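Read off the chains here:
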Amino acid sequence: MKFFVQAGAFGNRDNATALQARLLELASLPVNIQTSDDPMPVHRVQIGPFDDEATAEKTTRLLREAAVGSPIIVKR
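Description of the structure in this document. The model shown is predicted, which means the values in this text are computed figures rather than measured ones.

## What about the side chain of Q46?
And step 1. Within the secondary structure, Q46 sits in strand β3 (residues 43–50).
And step 2. A polar contact is formed between the side chain of Q46 and the side chain of Q6, at a distance of 3.0 Å.
And step 3. Not counting residues within four places of it along the chain, the set of residues in contact with Q46 comprises F4, V5, Q6, P30, V31, N32, Q34, V74 and R76.

## Let's talk about the pairing of strand β1 (residues 3–10)
And step 1. Burial of β1 is extensive: six of the eight residues sit out of reach of the surface.
And step 2. In this structure, β1 lies alongside β3, joined through six bridges in antiparallel fashion. Its bridge partner being in β3, A9 is matched across the sheet by R44.
And step 3. In this sheet, strand β4 (residues 72–75) lies alongside β1 in antiparallel orientation, the contact comprising four bridges. Bridged to F4 within β4 is V74.

## Thoughts on the nonpolar core
And step 1. The biggest cluster of nonpolar side chains holds 14 residues, and the ones touching the most others in it are V5, L19, L23, V45, I47, F50 and L63.
And step 2. Sequence-distant contacts of F50, defined by excluding residues within four places in its chain, comprise K2, F3, F4, V5, L29, T55, A56 and T59.

## Looking at the pairing of β3
And step 1. Burial within β3 is extensive, with six of its eight residues counted as buried.
And step 2. Note: strand β2 (residues 31–35) against β3, five bridges, orientation antiparallel. By the bridge assignment for β3, I33 is matched with V45.

## Some remarks on the environment of L24
And step 1. Tracing the sequence through the fold places L24 in helix α1 (residues 13–26).
And step 2. Relative accessible area serves as the criterion here: at 45%, L24 is assigned to the partly exposed category.
And step 3. As for L24 and V5, which are separated by 19 residues in sequence, their C-alpha atoms are 14 Å apart.
And step 4. Residues contacting L24, with those up to four places away along its chain left out, are L29 and V31.

What counts and what doesn't
Residues numbered from 1 in each chain as written. Predicted model: local features only at pLDDT ≥ 70, side-chain atom pairs only at ≥ 80, totals over all residues. Heavy atoms only, no water. Helix = DSSP H or I, 4+ residues; strand = E, 2+ residues; numbered from the N terminus. Polar contact = N/O pair within 3.5 Å; in protein donor to acceptor, adjacent residues only side chain to side chain. Contact = heavy atoms within 4.5 Å. Buried < 20%, exposed > 50% of the residue type's maximum accessible area, 1.4 Å probe, protein only. Pairing = 2+ DSSP bridges. Core = buried A, V, L, I, M, F, W, Y, C linked by side-chain atoms within 4.5 Å.

So, in structure tokens, the structure goes:
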């Protein structure tokens, strides 16, 4: 199982792309946009993968301190 930090989820892809760009400026971590297959797609901006939850938690704290997005940890 891998851990990801989801920084935000948007109905508008442009908003997801803007957050992705901001995150890429803050850290040299992989930032991807996962888009759902729903009729009204959701674009989830996720950082990772991380091998352990502790590292994902550290990234979540950094995003909160920088007031960037609404970070939550996602496991998959």
